[in-house]
Amino acid sequence: MVLKRWQERKISNYEYLMYLNMLADRSFNDITQYPVFPWVIADYKSTVLDLSNPDTFRDLSKPIGALNSERLQEFKNRYESMPPDQPKFLYGTHYSTPGYVLFFLVREAPEYMLRLQNGRFDSPDRMFWSIADTWHGVTSSPADVKELIPEFFGSDGDFLLNVQGLNLGIRSCGEPVGDVVLPPWAKSPRDFVAKMREALECEHVSAHLHEWIDLIFGHKQRGEAAVEADNLFYHTTYEGAVDIDSIVDPVERAGMESQINEFGQTPKQLLTMPHPPRNQHNAPTSVPGVTLGAAGESRGTTGSSLSATTSAGASTASSSQSPEEGQRGSTNRAHISAERVQEATSDAPAREHVRNIDRVSSVGGIELSSALAFEAMVPFASHKLHSDVVSSVCISSDGESAFSVSEDSTIKIYSAKSRKLKRSAVISELALSCACLTPDNKYLFVGSWDNSIYMYSIPYGRVEQNLYAHHDAVSCLSLRAGSGGGGTLASGSWDGTVKIWNMSPSGIEKAPIVECVDYSAEIKCIDHSPRSNVVVCGAADGGCLAYDIRTGSSMWTVAAHEDSVNGVALLADDARVVTCSDDGKLTVRDVSCGRALWQVTCEDELRCVAVDGERAMAGTDKGTMRQWDVRGRREVTSRTAAVVARSPHAQGVTCISYSAATRRMASASDDGVVALWAADE
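**Q** Help me get a handle on the environment of Val591, residues and values and all.
**A** Take Val591: it is sitting in the loop between β23 (585-590) and β24 (596-601). C-alpha separation for the pair Val591 and Ser532, spaced 59 residues apart in sequence, amounts to 10.0 Å.

**Q** Could you give an account of the pattern of salt bridges, naming the residues involved and the relevant values?
**A** When the charged atoms of two side chains lie near each other, side chains of opposite charge can form a pair. Under the definition given, this model contains 24 salt bridges. With its nearest N and O atoms 2.9 Å apart, the salt bridge here joins Glu203 to Arg9. Here Glu203, found in helix α8 (residues 203-216), pairs with Arg9, found in the loop between α1 (2-7) and α2 (13-23); they are 194 residues apart in sequence, far enough to count as distant. Residue Arg9 is classed as buried on the basis of its relative accessible area, which comes to 10%. Taking the shortest distance from any N to any O, the salt bridge between Arg576 and Glu614 comes out at 2.7 Å. Of this pair, Arg576 sits in strand β22 (residues 576-581) while Glu614 sits in the loop between β25 (606-612) and β26 (615-620), and the two are 38 residues apart along the sequence. By relative accessible area, which is 1% here, Arg576 ends up buried.

**Q** Can you tell me about the sheet that holds strand β9 (residues 443-448), naming the residues and giving the values?
**A** Read from one edge to the other, the open sheet built from four strands follows the order β8-β9-β10-β11, with strand pairing classed as antiparallel. Where the open sheet ends on each side, the last strands, each with one partner, are β8 (432-437) and β11 (462-468). Going from strand to strand, the sheet's axes swing by 20° on average, the running direction of each strand aside. Two elements, strand β10 (residues 452-457) and β11, share six bridges in a ladder whose sense is antiparallel. Across the sheet, residue Ser452 finds its bridge partner in β11, namely Tyr468.

**Q** Go over the sheet that holds strand β18 (residues 534-539) with me, naming the residues and quoting the values.
**A** Strand order across the open sheet formed by four strands is β17-β18-β19-β20, with antiparallel pairing between neighbours. Looking at the sheet topology across the chains shown, the edges are occupied by β17 (523-529) and β20 (554-559). For this sheet, the mean inter-axis angle between neighbouring strands, taken without regard to orientation, is 15°. Judged from the five bridges that link them, β18 and strand β19 (residues 543-548) form a sheet pairing that is antiparallel. What sits directly across from Val534, in β19, is Asp548.

Cut-off values and rules
Residues numbered from 1 in each chain as written. Predicted model: local features only at pLDDT ≥ 70, side-chain atom pairs only at ≥ 80, totals over all residues. Heavy atoms only, no water. Helix = DSSP H or I, 4+ residues; strand = E, 2+ residues; numbered from the N terminus. Salt bridge = Lys/Arg side-chain N within 4 Å of Asp/Glu carboxyl O. Buried < 20%, exposed > 50% of the residue type's maximum accessible area, 1.4 Å probe, protein only. Pairing = 2+ DSSP bridges. Axes fitted to C-alpha atoms, helices over the stretch in contact; angles between N-to-C directions.

Structure follows, in structure tokens:
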């Protein structure tokens, strides 16, 4: 129960707001529906930020447009004078638009601002040049009621620096627009963000944040309640206000779509009753019968009820963590979809498709904050299934079975319910090195040292296809399923080649759709994304490389590690990739260029990695598992990590498979043991 966790202060205000944005379909991949965060501080002039003074804070019970009473009266006068046969509104602009998002992020994503502005930056006097000036504008200008974006509370502050030396023009006063001018109480951009986060998590904001939630996501978002709360925007900004499909004229339809995208979109309404407040410290939790989800959804719908636990879980991290700890080393810049600014064509370079500015993203199209990834997992079953190293393990989509392959040449199917071995099969005379399971649990694709890929039918217990794939052992596979039983399969080999294969319901096509240029070392691990046209691999010599899967051309190659790369996993935004190695390092890289965004060094060798949301979990050569918050750039040291540390493996963990839908996980090790885990309820 995410609401209950927030009320009990088990997750932070930041994490809860990210969760609400996710439920309301706000995404870092869509600047027309970017996550919304509130202005919480009203004092940008003092030399010391006094969080014990109520006057330091913005009134969260009012929308931005209502903070200035004189300006609000002008809005009301216009509202009253509107013709009765037309939809009325108070504010002719919105608090979240593509222009406002890029206003804040212009120094990090200038190319998107240039696309939006037809090749030029905005007038220097209208640029984001000062925090105090921006606050003054949103509380006084009749055309500016914008709220903030998450970067103000969860980044390293680089978006405030003109690190690229952009020529942003000279203001009318003669001063050039460079780095954003910070308030006197901030020593640096990092310090500014840390203090903004501290203010967001402080007691005053915690006591009033539910009031702002009512305005943005809740019952005061629309209707009479919105009118009474002075919170009414132009009618096309609300979900369902315009039936696009009923507009027949293509020109009129295109114009309406453009207006909706550029003018701003109000988040999906999640609550139709007042949001309960956060508990005071040590106060009992009370969860009234409030529905949290799209207005109109039934209370029984998964994810719509306050009493329903999300399939991705919730963090147990305490909000008592200091903002400095939460921000240390965290970039959290925006990954912005260029397609929303200018439609990308299929011929665009792969690196443009995965243009990254280091941000969070989605699992199955659902945006997740780092609070909602791997839950605390506890092992509930383990068994020594193989006589040799387990090279790969897959957990079924229902979490009821584990499929493992081993260097002992066998496939094993283990039942979570009966905790017994269901099947053992030998499909090759040589070792089996890797495996991928189709989402419908019907086929297991297996790579072998005999250079082949096997398509094993689980219902019929037989090999349906044997494809000679490489000139040396098939070392790794990556499966991305498509509709109608199709999809793509990526394979890597000891011969240094990487191939992409089309799949159909009848099997793998005999010829690869693309074969990437030979690499000088063995390919050890692989992941790919047809959506972003990229395949990323790790090699035995420590190299990490990326290819465009349409042409097979190299995007980049870097010496990523000092020893063999054992695991590679694309985060759900396809813009960042996590790698791990025998050198004990876990690294996050920008997929578009290979640049290292963050790296941590452990005392143990890291043998495999799995990702979910913004969490990465790696198995070590000691038989333990460690977990990191990728966004927060820190190892998880909460109860979650303590539980995970109690691994049932006596030897090195070789592979991990996680199912977010069932909150179950499978792991395996060098000694042939396969273990099943479940979320610790």
